[in-house]
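Breakdown of the fold
The chain contents come next:
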Amino acid sequence: RVLVPGFYDRVRPLEAAEQALLAQVPITDAVARHLTGAPALAGEEGYTALERASVRPTFEIHGMPGGFTGPGHKTVIPARAAAKVSMRLVPDQDPHEIAGLFEAYVRSLAPPTVKLTIHPHGAAYPAVVDVTASAIQALALAYERGFGARPLYFRGGGSLPIVTVFQEVLGAPVVLTGFGLPDDNTHAPNEKLHLPNFYRGIETLIHYLDILGRK
């Protein structure tokens, strides 16, 4: 668990309907371990790997520069050290509130011998899409025509700050979809896209625009 006090206070409980949708997704802990290549899975106890990566908030450390990191050894204590972190939030967490809770907690841990500086790089509100919206259901039908199967629904842990803005300003459902596979290594140096999915995706979008145009 994330140890920042108050971090989980506003996390919206998962409704039974969404739990049922999540249960249909065939990404088990064993599948997740196979896809990552990790010897074992870690994370918040009481939740599956899919739940941890989608419906639960997270805290990541992306890098910890500081001190001597070259080859060989050196026993000099570093004068400066840093950490780059991020937190993926879920409805109804407030990014500014969470940032304040994080800073207060880190400062409470820092000894008086350390000068601590925190540099926020950005904040975005979490978003969730209503899968029962007509625009979403139209895409489900387009998937059935393009791929020959109806889609399964689960939240994706990503960073798309504009989604919340679109929802609030436009007052319209936002449709998020993709045509990648779980082993596409998204954003990795060896990222790929399965070519058959690329062409089926084009066909699916053609069907989608046709279905929307007939509504």
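Look up: the structure comes first, before these words.
The notes below deal with the structure included here. As the structure is a computational prediction, the values presented were derived from the model and not from experiment. (Residues numbered from 1 in each chain as written. Predicted model: local features only at pLDDT ≥ 70, side-chain atom pairs only at ≥ 80, totals over all residues. Heavy atoms only, no water.)

1. Here we look at the overall build of the protein chain
Worth spelling out the cut-off: Every helix listed is a DSSP run of H or I at least four residues long, and every strand listed is a run of E at least two residues long, numbered separately from the N terminus. In this description, contact between two residues means that some pair of their heavy atoms is separated by no more than 4.5 Å. Surface accessibility follows the Shrake-Rupley procedure with a 1.4 Å probe radius. Residue values consider only the protein chains on display as shielding.
If you tally the helices and strands in the protein chain, you get seven helices and two strands. The secondary structure elements of the protein chain, listed N-terminal to C-terminal, are α-α-α-β-β-α-α-α-α. If one aligns the C-alpha atoms of the protein chain with their principal axes, the spans along those axes are about 70 × 40 × 30 Å. Across the protein chain, every contact between residues at least 6 apart in sequence was considered, and the portion connecting residues at least 24 apart equals 65%. Only carbon and sulfur atoms are counted for the fraction: they give 59% of the accessible area of the protein chain, which is about 15000 Å².

2. A word on the environment of Arg33
For clarity, the cut-off: Each residue is assigned to one of three classes by its accessible area relative to the maximum for its type, calculated with a 1.4 Å probe on protein chains only: buried under 20%, partly exposed between the two thresholds, exposed over 50%.
If you trace the backbone, Arg33 turns up in helix H2 (residues 29-36). Overall, the relative accessible area of 42% leaves Arg33 in the partly exposed class. Between the C-alpha atom of Arg33 and that of Ala49, which follows or precedes it by 16 residues, the distance is 8.7 Å. Those residues in contact with Arg33, other than ones at most four positions away along the chain, are Ala38, Pro39, Ala40 and Leu41.

3. Considerations on the pattern of salt bridges
For clarity, the cut-off: Within this document, salt bridges are pairs made up of a side-chain nitrogen of Lys or Arg and a carboxyl oxygen of Asp or Glu, the two lying within 4 Å of each other.
Following the criterion strictly, the structure yields 10 salt bridges and no others. When the shortest N-O distance is used, the salt bridge between Arg56 and Glu44 registers 2.7 Å. Of the two residues, Arg56 is situated in the loop between helix H3 (49-52) and strand E1 (58-63) and Glu44 in the loop between H2 and H3; the sequence distance between them amounts to 12 residues. In this structure, the salt-bridge partner of Lys192 is Asp184, at a minimum N-O distance of 2.6 Å. Taking the relative accessible area as the measure of exposure, Lys192 reaches 36% and is therefore partly exposed. Through salt bridges that share partners, Arg1, Glu44 and Arg56 make up one connected network.

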